[in-house]
Amino acid sequence: MKMRMMFKNSLRLLSSNFDKVWKLLVYKLISLGVVIALLAPFWKEYLAFATTAYNEFELGSFFATGTFYGINVATALTSLCRAVLMFFSLIFTSNIWLGIYFVMIVFFIRPILGNIGKYVMSEMVYFYMATSSRHSFTGTLLRTLNKSLLYALLRTLYNVFFDGLVLLSLFGLTRITNPNYAYVMPILIVIVPSILLAFREVFNAGWAPAMVVFDNNAVKAYPKGMRASLRRGARVYSTAFIIYLLAFVLSMVLGLYSLIIILPVVFPLIDVFGMVMFFSSQGMRFYVDADTILTPKKLEEVDKIDDAKYLL
C-alpha cells in the first residue's frame, strides 16, 4: 500500500511538472548533439564500423514495431550483443586510440552530461515541492553548475559497477543455449535488469535530493541520501523495480521505436521519485500539485533547527 502511494505521488508530481519533462528532453537532445560533435572528427570510421556490424547481424529486422517481443527477443538480444562486440573489435583492431576516444566520449562524457541534467531536474522539482514555484531550466543549470559537475562526475564513476553488471547480465543471458530457453528469455530480460537497476536506485535515489535540500556538496550529501533511502529501503526498491519493469515491458511489447516516447518519461519519473522518497523519509510536507500538500503520517527523523527553513 505504501509503495503504491509513493509511486502514485511520483506520477502526480510528474504530471504537475510535465513542462520539466520537455525541458529535460531538449537538454538531452542538446547533450546528444555535443556527443555527436565530439565524435564527428572520426565519424566516417565509426559509421563504417557500425554499418558493418549492423548489416552482418541484420539488426534492421528487430527495430520494426512489434517484432521485439515474445520468442524473437532471444534472437534479437543475441544478435545485438554480437553486433556490439564486433563494432568494438573493429574499432580497437583498426586503431586503439580511436577506440579509447570513443569509449571516453560515450561512456564517460555522455553520462556526465546526463547526470548534470538529473541534478537540475531535482533542483527544479524541489522548489515546486517546497513552495509550488517554478524555475527555468537554463537558469537552474547555470546557477548550480559548480555543484552538479562534481555530482555528475562522482555518480558516473559510482555507477560503473551497476551499469557494468547490467550489461554483463544481458550478455550472460545470450550465452545460454538450451532450446527451451527461448521461451523463458523474454521474462528474464525484463526482470533481471529491473532487479539490478532497482538496487542501483536504493543506493543513489537520495543523493541529489540530499544535495538540494541540505545544500551540501556531492561528497557530504551521499551518506545523508543513503540514510534517507535505507529508512524506506523496501519501498524504494519495490517502487523503482515497478518503474523499470513497466519501461522494459512496454518497450518490448510496443517495439524499440517506443523508447523514443518511454525514455523521456521514465528518466524524469525516476528523478521525481527520488525527491518524493527523500521528502517522505525526512517527514517534510510537499506539494504534489498546486492545490494539494501532502504530509507524512509520522516523522522518521527529528529535524534540526538549522533545517527548519526547508519545511513548509
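None of the values given here were measured: they were computed from a predicted structure.

Engineer: Now, about the overall build of the protein: what can you tell me, with residues and values included?
Structural biologist: Each helix and strand counted, the protein has 13 helices and 2 strands in total. Scored against the burial criterion, the 312 residues of the protein give a buried share of 46%. Considering only residue pairs separated by 6 or more positions, the protein has 75% of its internal contacts joining residues 24 or more positions apart. With the model as given, the accessible surface of the protein reaches about 15800 Å², and the carbon-plus-sulfur share is 70%.

Engineer: Could you give me a rundown of the nonpolar core, with the residues and numbers involved?
Structural biologist: Of all hydrophobic cores here, the largest spans 85 residues; its most connected members are F102, M129 and F279. Contact partners of F279, with chain neighbours within four places excluded, come to Y126, M129, V213, M284, R285, F286 and P296.

Engineer: I'd like a description of empty space enclosed by the protein, backed by residues and values.
Structural biologist: The full count for this structure, using the stated rule, is 2 cavities of 30 Å³ or more. As for the largest cavity, its lining consists of K118, S122, R155, E201, N204, A205, A208, P209, I270, D271 and G274. Of all the secondary structure elements, the ones that give two or more residues to the lining of the largest cavity are α5 (96-131), α9 (181-204), α10 (207-214) and α13 (259-282).

Engineer: So what's going on with the environment of A53? Which residues, and what values?
Structural biologist: Among the secondary structure elements, A53 is positioned in helix α3 (residues 43-56). Looking at A53, the relative accessible area reads 3%, which means it is buried. Taking the C-alpha atoms as reference points, A53 and F88, 35 residues apart in sequence, are found 9.5 Å from one another. Not counting the four nearest positions on each side in its chain, A53 is found in contact with A83, M86 and F87.

Engineer: Could you give an account of the confidence of the model for the protein, naming the residues involved and the relevant values?
Structural biologist: Summing up the model confidence of the protein, the mean pLDDT is 85 and the portion of residues at 70 or higher is 88%. Note on residues 300-312: pLDDT under 50 across the span, and 24 contacts to partners over four residues away in sequence or across chains.

Procedures and definitions
- Residues numbered from 1 in each chain as written.
- Predicted model: local features only at pLDDT ≥ 70, side-chain atom pairs only at ≥ 80, totals over all residues.
- Heavy atoms only, no water.
- Helix = DSSP H or I, 4+ residues; strand = E, 2+ residues; numbered from the N terminus.
- Buried < 20%, exposed > 50% of the residue type's maximum accessible area, 1.4 Å probe, protein only.
- Contact = heavy atoms within 4.5 Å.
- Areas by Shrake-Rupley, 256 points an atom, 1.4 Å probe, with all protein chains shown as cover.
- Core = buried A, V, L, I, M, F, W, Y, C linked by side-chain atoms within 4.5 Å.
- 1 Å grid on protein atoms, 1.4 Å probe; cavity = no way out; pocket = protein on both sides within 12 Å on 5 of 7 lines; lining within 4 Å.
- Points joined across faces, edges and corners; volume = space filled by probe spheres on them.
- pLDDT = per-residue confidence, 0-100.

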